[in-house]
Amino acid sequence: FLQTDPTASINEITTISPFDIYPVPASNEVVLQWKDQLRHLATNYTIKDMYGRTLSSHTFTGKETKIDVSNYASGIYFICPEHNSRFPASRFIVIH
């Protein structure tokens, strides 16, 4: 007897984000909070939609920053550090 799993899966590479993102899902604002060992770093990043369009650009300095997402449509968005950064992109969800 052969048993198969009807779901397909892709092995994902797990990367560690340099910051925590909350709340998830968000409706008005997203808070980015550096992990303790990285809070002294300043990093430029962009917010992009699912199609790769840049919606805004920011510089993340200090322990925490807030991003207003109240005008974003419901969907999935990406926080993309500058192109030469060693940090991976992270995603967040907006629901209205």
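Residues numbered from 1 in each chain as written. Predicted model: local features only at pLDDT ≥ 70, side-chain atom pairs only at ≥ 80, totals over all residues. Heavy atoms only, no water.

Caption draft 1: Summary view of the sheet that holds strand β7 (residues 90-94). Strand order in the open sheet formed by four strands is β4-β3-β6-β7, and the pairing between neighbours is antiparallel. Among the strands making up the open sheet, the edge pair consists of β4 (54-60) and β7. For this sheet, the mean angle separating the axes of adjacent strands, direction not counted, is 25°. Across four bridges, strand β3 (residues 43-48) lies against strand β6 (residues 75-81) in antiparallel orientation. If you follow isoleucine 47 over to β6, its bridge partner there is isoleucine 79. (Pairing = 2+ DSSP bridges. Helix = DSSP H or I, 4+ residues; strand = E, 2+ residues; numbered from the N terminus. Axes fitted to C-alpha atoms, helices over the stretch in contact; angles between N-to-C directions.)

Caption draft 2: The environment of proline 81, seen in detail. Mapped onto the secondary structure, proline 81 falls in strand β6. Ignoring any residue separated from it by four or fewer positions in sequence, one finds proline 81 in contact with Thr43, Asn44, Tyr45, Phe87, Pro88 and Ala89. (Contact = heavy atoms within 4.5 Å.)

Caption draft 3: Expanded view of the confidence of the model for the chain. Overall, the prediction assigns the chain a mean pLDDT of 81, with 75% of residues at 70 or greater. Highest mean pLDDT in the chain belongs to β7 (94); lowest belongs to strand β1 (residues 19-22) (88). (pLDDT = per-residue confidence, 0-100.)

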